[in-house]
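Descriptive structure summary
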Amino acid sequence: MTDALSAVPPAKRWWLPPGPVVQRAFFGGWTIAVFAFLYIPILLLVVYSFNDSKLNLQWVGFTTKWYGLLFGNEVLLRAFQNSLIVAAATTVLSVFIGTTAAWLLYRYRFPAQQTLGLLIFIPMVMPEVLMGVSLLVLFVAMGIPLGYVTLIIAHTTFCFPFVLVGVQARLQGIDPALEEAALDLGATPLKAFWLVIVPYLMPAIVAGALMSFTLSFDEYIVTIFTSGADSQTLPLKVYGMVRVGLNPQLNALSTLFIAATAVLVIASQVFTRKKTT
């Protein structure tokens, strides 16, 4: 009986890799899938910007004519110019208002300070449709014609809180002795703020300025309600062209924006490395 049992081959055991190996494989595959989901559409957009087909449903041949037509499209170029004007003005106003407000809230104490600090953050969480409608009602009630002025005011309203938040976070780590030393050396409060405090806050100011420019340049919903006939921005024109149908010029435009973004990111990394070394 014992010999018979010993003659039976042992049951086959399935081998499983160790736990860390499974985790690395799972998370690695998940990461690849997420990056593929994000970047494959961008890659296709870039490739089809060189497609010699107006419908862009299948690959026909290589061409660069859509870029030539894009640079000759006066409507898109005018909208791009409007977006740059509005975004630049919004950035300047947002930096000034956000930095000043953050310094005042940090430096001085006055009644209802906490309430005012909370009210400033409302534009960051308010739905864009509600903000656009409310600003439109305000401009109409005040008799302000829709155009560049209303557009810049509207964009500044929801952009400057982002500057304020960054500057406030930077102010939490400031040494009060910096301002006191400047005052002891004979500087006026304004001069101490400009020569000592502003350089210390510059990283937060630059970050807020970039955020404001990006948000303003890309804003669509609020722009619908607050722009006039002569102040149509690029997002409005692009959306209007997409509603009509596929246009290869939009692929070319998107490719140019992607290339410009990549160049800026690479330049920023190179500048940062050179500065650290």
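Above this note sits the structure.
Throughout what follows, the structure given in this document is the object of discussion. Small disclaimer: the values here were computed from a predicted structure and weren't measured.

Notes on empty space enclosed by the protein
- Scanning the model with the defined rule gives one cavity of 30 Å³ or more in all.
- For the largest cavity, the calculated volume is near 30 Å³.
- For the largest cavity, the full set of lining residues is Ser83, Val86, Ala87, His155, Ser216, Phe217, Glu219, Thr223 and Thr233.
- Put simply, the parts of the chain that give the lining of the largest cavity at least two residues each are α4 (74-107) and α10 (189-218).

Topic: the packing of helix α12 (residues 234-244) against helix α13 (residues 248-276)
- Contact pair α12 / α13: the axes reach a minimum separation of 11 Å and the direction vectors enclose 145°. Contacts from Leu234, Val238, Met241 and Val242 of α12 reach α13 at Leu250, Leu253 and Phe257.
- In terms of residue class, the contact of α12 with α13 is made up of seven nonpolar, no polar and no charged.

Topic: the nonpolar core
- Ranked by internal contacts, the top residues of the largest apolar core, which has 19 residues, are Leu164, Val167, Leu171, Ile197, Leu201 and Ile205.
- Among the elements that take part in this core, α10 stands out by supplying seven residues, more than any other.
- Excluding anything up to four places from it in sequence, leucine 164 contacts Gly98, Ala101, Ala102, Leu105, Ile120 and Phe121.

Quick notes on the packing of aromatic side chains
- Taken as a whole and judged by the stated rule, the model has twelve aromatic pairs.
- Measuring from ring centre to ring centre gives 6.2 Å for tyrosine 48 and tryptophan 59, while their planes differ by 85°; the resulting arrangement is edge-to-face. Of this pair, tyrosine 48 sits in helix α2 (residues 19-48) while tryptophan 59 sits in the loop between α2 and α3 (65-71); the two residues are eleven residues apart in sequence, bridging distant segments of the chain.
- Classification of tyrosine 48 by relative accessible area gives partly exposed; the value is 22%.
- These aromatic residues form a ring-pair network of at least three members: Phe80, Phe213, Phe217 and Phe257.
- Stacked on the ring of tyrosine 108, the Lys or Arg arginine 107 has its end atom at 5.6 Å from the ring centre.
- Just above the ring of tyrosine 200 sits the side chain of arginine 170; from NZ or CZ to the centre is 4.3 Å.

Remarks on the pattern of salt bridges
- What the rule picks out here adds up to two salt bridges.
- For aspartate 52, the salt bridge identified is with lysine 65, shortest N-O distance 3.0 Å. Of this pair, aspartate 52 sits in the loop between α2 and α3 while lysine 65 sits in helix α3; the two residues are 13 residues apart in sequence, bridging distant segments of the chain.
- Residue aspartate 52 is classed as partly exposed on the basis of its relative accessible area, which comes to 33%.

A short note on the environment of serine 49
- Inspection of the secondary structure puts serine 49 in the loop between α2 and α3.
- Among the residues examined, serine 49 registers a relative accessible area of 0% and is labelled buried.
- Each C-alpha atom, one on serine 49 and one on leucine 250, is 8.1 Å from the other, the two residues being 201 residues apart in sequence.
- In contact with serine 49, not counting residues within four places along its chain, are Thr63, Trp66, Tyr67, Asn251, Ala252 and Thr255.
- A polar contact of 3.3 Å, which involves the side chain of serine 49, links it to the side chain of threonine 255.

Reading the values: rules and limits
- Residues numbered from 1 in each chain as written.
- Predicted model: local features only at pLDDT ≥ 70, side-chain atom pairs only at ≥ 80, totals over all residues.
- Heavy atoms only, no water.
- 1 Å grid on protein atoms, 1.4 Å probe; cavity = no way out; pocket = protein on both sides within 12 Å on 5 of 7 lines; lining within 4 Å.
- Points joined across faces, edges and corners; volume = space filled by probe spheres on them.
- Helix = DSSP H or I, 4+ residues; strand = E, 2+ residues; numbered from the N terminus.
- Axes fitted to C-alpha atoms, helices over the stretch in contact; angles between N-to-C directions.
- Contact = heavy atoms within 4.5 Å.
- Nonpolar A, V, L, I, M, F, W, Y, C, P; charged D, E, K, R; others polar.
- Core = buried A, V, L, I, M, F, W, Y, C linked by side-chain atoms within 4.5 Å.
- Buried < 20%, exposed > 50% of the residue type's maximum accessible area, 1.4 Å probe, protein only.
- Phe/Tyr/Trp six-rings, centres within 6.5 Å; stacked < 30°, edge-to-face > 60°.
- Lys NZ or Arg CZ within 6 Å of the ring centre and 35° of its normal.
- Salt bridge = Lys/Arg side-chain N within 4 Å of Asp/Glu carboxyl O.
- Polar contact = N/O pair within 3.5 Å; in protein donor to acceptor, adjacent residues only side chain to side chain.

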